[in-house]
Amino acid sequence: MEWVDRMNQAISYVEEHLCDEIDPGEISRIMACPYGIFQRFFIQCTDVPLSEYIRRRRLTCAAYEVQHSGAKIVDIAVKYGYDSSDAFSAAFKRMHGMAPAMARQPETKLKFYSRLHFTLSIRGVAEMNYRNVERESFKVIGRRRITPSGGGTWELCKQDGSLENLLAAGQGSPLLGVCFGFDDEGNNDYMVAAEYRQEDLPDFESFTFPPSSWLVFEASGAISSHALGSTWKRIYGEFLPQSDYRQSNLPTIETYHDWDQNADFCKVDIWIPLEK
C-alpha cells in the first residue's frame, strides 16, 4: 500500500499546485525516487504523460471558472499558468473545441477530466516470468532519437537502412530498444541498438552501461493484443509497486528475440536496471 499512498500524495501535491509552479523535486521527495522514474511509472500506468494530465486538469478547472465566475478570461488564463489570453484561448479551443468566450453561452458542452486516484486492485492471476541478472559493463551502439514513441525510432531505422548495419555489427545477436526516459510531453528518448564490443562505428551513437543488477521479464504473445505494452504495464502497475526492488536511473532495455508482424507474434525481454 505504500506505493499507492505515495502516488496519491503526489497527485494531491499536483492538484494543490495547479495554479502554481509544480516542483519536480517535491514529487521526487514524496515518491522517494528520482523524478524521471516517477514519470515512467505515471505514463505506463495511465497512458498519458504527467504534463498532459496537468494540462487537462488545469483546463478542466479553468473551464469551470469561465462558466461559473465573472472573472476576466485574461485573469483566468494567468491564474492557470498561461502567459497570454491568446495562448490560453488556443489551448482551451484544442481541448474543449471552442474559444473561452463561447463557453459562457447557455448549454455549452465542455470536456471534463477528473482528478486521478490510485487504488490497489485485485490482479496477478496471470503469472509473470522474470529473472535476476548481474551483468558486467557493456556497450551498445545505435540510432538515438526523441519521438512520440519507441516505434518512431524503429521506423526511422528501417527507412535509412540502419537495422541491417546494426544486425551486422551485433553479429546476429538480437536488436535492442534502449529507453532513456520520457520528456515532459511524453516523447520517448529511445535508441535502436546492438551490443557491440569493438571501437565505435561512424554514424552511430554509443552508450556504455556500468556493472549493474537487472530484472528481466518475458513478454510474448500477439502483437495485435499489445503483449509488449501489457507487460510494461504489469511491471509498473503490479510488480514493482509490490516488490522491494527499486529501479535505478539507467536506461531500460528491450531485447527483440522475435517480432513477426505477419505471424502476429512477438517475444521480447524487458530489462529493468536496479539500484544497488
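Before going into details, it helps to say that this report is about the structure given with it. (Residues numbered from 1 in each chain as written. Predicted model: local features only at pLDDT ≥ 70, side-chain atom pairs only at ≥ 80, totals over all residues. Heavy atoms only, no water.)

1. A look at unusual backbone geometry
Then, number 1: One non-glycine residue, Glu107, adopts positive backbone phi at about 60 degrees.
Then, number 2: By secondary structure assignment, the location of Glu107 is in the loop between α6 (85–96) and β1 (130–135).
Then, number 3: What makes Glu107 exposed here is its relative accessible area of 80%.
Then, number 4: The phi angle at Asp264 is positive, at roughly 55 degrees, despite the residue not being glycine.
Then, number 5: Positionally, Asp264 belongs in the loop between β7 (252–260) and β8 (265–274). (Helix = DSSP H or I, 4+ residues; strand = E, 2+ residues; numbered from the N terminus. Buried < 20%, exposed > 50% of the residue type's maximum accessible area, 1.4 Å probe, protein only.)

2. Thoughts on the nonpolar core
Then, number 1: Ile27, Met31, Phe38, Phe42, Leu50, Ile270 and Ile272 are the most contacted members of the largest nonpolar core, which has 55 residues in total.
Then, number 2: Once residues lying within four places of it in the same chain are set aside, the contact partners of Ile272 are Ser213, Trp214, Leu215, Phe217, Trp232, Ile235, Tyr236, Gln247 and Thr252. (Core = buried A, V, L, I, M, F, W, Y, C linked by side-chain atoms within 4.5 Å. Contact = heavy atoms within 4.5 Å.)

3. Details of the pairing of strand β2 (residues 138–147)
A regular strand places its side chains on the two faces of the sheet in alternate fashion.
Then, number 1: Taking burial as the measure, the 10 residues of β2 include 7 buried ones, the bulk of the element.
Then, number 2: The pairing of β2 with strand β5 (residues 205–209) spans 5 bridges and is antiparallel. Following the sheet pairing, Ile141 is matched in β5 by Ser206.
Then, number 3: Where β2 lies against strand β4 (residues 188–195), 8 bridges are found, and the strand directions are antiparallel. From the neighbouring strand, Arg145 faces β4, where its bridge partner is Tyr190. (Pairing = 2+ DSSP bridges.)

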